[in-house]
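# Analysis of the macromolecular model
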Amino acid sequence: MSDRISYEERKELPDSVYGLPERREYPMPDAAHVRAAEAYFRYCPENLKPKLAKAILQRAREYGVDVESPTVLAYANE
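What this report covers is the structure whose coordinates are included nearby. (Residues numbered from 1 in each chain as written. Predicted model: local features only at pLDDT ≥ 70, side-chain atom pairs only at ≥ 80, totals over all residues. Heavy atoms only, no water.)

### What to know about the nonpolar core
Counting 20 residues, the largest nonpolar core has F41, L52 and I56 as the members making the most contacts within it. Contributing elements (two or more residues each) for this core: α2 (31-39), α3 (49-63) and α4 (70-76). Each residue touching L52, except ones within four places of it in the same chain, is listed here: G19, L20, Y26, F41 and C44. (Core = buried A, V, L, I, M, F, W, Y, C linked by side-chain atoms within 4.5 Å. Buried < 20%, exposed > 50% of the residue type's maximum accessible area, 1.4 Å probe, protein only. Helix = DSSP H or I, 4+ residues; strand = E, 2+ residues; numbered from the N terminus. Contact = heavy atoms within 4.5 Å.)

And the structure:
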C-alpha cells in the first residue's frame, strides 16, 4: 500500500484518525501513516506538539508500531 492518501480518500477519513483532528492534519489510518506522522512531527506547531505526540503513541499502540523518536516520547510525557 502506498503511503500517500489521495485528496478523495482523505476527505472520507473520520476526524478520529487524525493526530490533530481539529485541523485534519497528520492522518494515521494505518501503521505506515503512524510512522509518517512520527517522521513529520518536527513540522507540527510547537503549541500542538504534546497533543500530536500523545495521538501518535495512541495510534502506534493500536497498530503495533514502536515509536523511536525521543522528541515524540518527550512531548508525550509533558
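### What about the side chain of H33?
On the secondary structure map, H33 appears in helix α2. Under the relative-accessibility criterion, H33 is labelled buried at 5%. A distance of 2.7 Å separates polar atoms of two side chains, one belonging to H33 and the other to D30. (Polar contact = N/O pair within 3.5 Å; in protein donor to acceptor, adjacent residues only side chain to side chain.)

### Here we look at the environment of I56
Within the element layout of this structure, I56 appears in helix α3. Looking at I56, the relative accessible area reads 0%, which means it is buried. Between the C-alpha atom of I56 and that of S6, which follows or precedes it by 50 residues, the distance is 21 Å. Among all residues touching I56, those that are not within four sequence positions of it are M28, V34, A37, E38, F41, V67 and V72.

### Let's talk about α3
Owing to its 3.6 residues per turn, the α-helix brings residues three or four apart onto one side. The end-to-end C-alpha distance of α3, which contains 15 residues, comes to 21 Å, matching closely the 21 Å that a straight helix rising 1.5 Å per residue would cover. Among the residues making up α3, those that are buried are K49, P50, L52, A53, A55, I56, L57, R59 and A60. Of the surrounding secondary structure, the elements contacted by the buried residues of α3 are β1 (18-20), β2 (25-27), α2 and α4. The first or second residue beyond α3 is G64, which carries a positive phi of 70°. (Expected span 1.5 Å × (residues − 1).)

### Topic: the pattern of salt bridges
As enumerated under the stated definition, the model contains six salt bridges in all. E8 is the salt-bridge partner of K11, the closest N and O atoms lying 3.4 Å from each other. Of this pair, K11 and E8 both sit in helix α1 (residues 7-12), three residues apart, which is roughly one turn of the helix. The class of K11 is partly exposed, set by a relative accessible area of 44%. Note on E8: relative accessible area 47%, which makes it partly exposed. Measuring nitrogen to oxygen at the nearest pair gives 2.3 Å for the salt bridge that ties R24 to D15. Given the relative accessible area of 28%, R24 is considered partly exposed. (Salt bridge = Lys/Arg side-chain N within 4 Å of Asp/Glu carboxyl O.)

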